[in-house]
Each structure stands twice: as C-alpha cells, then as structure tokens.
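So the chains spell out like this:
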Amino acid sequence: MGVEKKVLTARTGPKPVPDRTSPSTAPVLVKMVTCPKNSRRTKDPGQKPFSFQIGQGKVIKGWDEGVLGMQVGEVARLRCTPDYGYGPSGFPAWGIQPNSVLIFEIEVLSLK
C-alpha cells in the first residue's frame, strides 16, 4: 500500500526538498493533468496550477510522497492506495468514493 510512481516525461530540473520544521518551506507548483474523476488526459484550462508545501501534510499523502522525488518539468502518474488518498471519507466534491484507489498525472511546473 502507498504510492506508486511512473515517470511519463523525465526532466533534469531541481527537486523539491521537504523541511518539516518550517511552515515557510518554499512550495512546489504542480498541474494536475489527469484527475481520478474523469481519468482523461487533459490540460483543461479550468484546471489551474496548484501550489503546496512538500512534507507538511497539506495534500494527500500520495502527493506528498510522490511529488517529492519529481523534478521541475517532470510528468508522472501517481497511483495512490486509499490510505495515501482520501481513505474512508472519499472526496465527494470530486465524486471520489470512499476507499478509492486514485490515479493522477502530475506535472511539476516550478519550485517557488
């Protein structure tokens, strides 16, 4: 159980570094290319880039761990088991059922 990562587009840019002691850790900016609700590869203009701090628990555990090893410009498919996703609560706003296995395609745009 956990997160499995498959690199779809490799890059050689810098990697985000977690700093669990500082809430002011520089965030990573990502774009979700595919979400589990529609499972279509799309760069929907309505899907805006999303910024979060690695290792701070601000996103699902699968994103925290999966994005950690990625490089700027990289695109990867993250397969998250329920304990690394939304677990027994699901995420009703996205139509994600409880205990769902999630598959995201994430692109790392930059480190801020």
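Residues numbered from 1 in each chain as written. Predicted model: local features only at pLDDT ≥ 70, side-chain atom pairs only at ≥ 80, totals over all residues. Heavy atoms only, no water.

Novice: Lay out the overall build of the protein chain in plain terms, naming residues and giving numbers.
Specialist: The number of helices and strands found in the protein chain is one helix and five strands. Restricting to contacts in the protein chain with at least 6 residues of sequence separation, those with at least 24 account for 69%. Of the roughly 6300 Å² of accessible surface on the protein chain, a fraction of 53% belongs to carbon and sulfur atoms. (Helix = DSSP H or I, 4+ residues; strand = E, 2+ residues; numbered from the N terminus. Contact = heavy atoms within 4.5 Å. Areas by Shrake-Rupley, 256 points an atom, 1.4 Å probe, with all protein chains shown as cover.)

Novice: Tell me about the packing of aromatic side chains, residues and numbers included.
Specialist: Counting across every chain of the model gives five aromatic pairs. Centroid distance Phe-50 to Trp-63: 6.1 Å. Interplanar angle 70°. Geometry classified as edge-to-face. Here Phe-50, found in strand β3 (residues 50-52), pairs with Trp-63, found in helix α1 (residues 61-68); they are 13 residues apart in sequence, far enough to count as distant. The class of Phe-50 is partly exposed, set by a relative accessible area of 39%. Measuring from centroid to centroid gives 5.3 Å for Trp-63 and Phe-104, while their planes differ by 85°, and the two rings are edge-to-face. (Phe/Tyr/Trp six-rings, centres within 6.5 Å; stacked < 30°, edge-to-face > 60°. Buried < 20%, exposed > 50% of the residue type's maximum accessible area, 1.4 Å probe, protein only.)

Novice: So what's going on with the layout of surface pockets? Which residues, and what values?
Specialist: Here the largest pocket defines a volume of roughly 190 Å³. What lines the largest pocket is simply Val-30, Met-32, Gln-47, Lys-48, Phe-50, Lys-58, Val-59, Ile-60, Trp-63, Tyr-86 and Trp-94. Its residues assigned to classes, the lining of the largest pocket comprises eight nonpolar, one polar and two charged. (1 Å grid on protein atoms, 1.4 Å probe; cavity = no way out; pocket = protein on both sides within 12 Å on 5 of 7 lines; lining within 4 Å. Points joined across faces, edges and corners; volume = space filled by probe spheres on them. Nonpolar A, V, L, I, M, F, W, Y, C, P; charged D, E, K, R; others polar.)

Novice: Now, about the nonpolar core: what can you tell me, with residues and values included?
Specialist: By size, the foremost hydrophobic cluster in this structure holds 19 residues, and its most contacted members are Val-30, Phe-52, Trp-63, Val-67, Phe-104 and Ile-106. When contributions to this core are tallied by element, the ones reaching two or more residues are β2 (28-34), α1, β4 (75-80) and β5 (102-111). For this core, the element with the most residues is β5, which contributes four residues. (Core = buried A, V, L, I, M, F, W, Y, C linked by side-chain atoms within 4.5 Å.)

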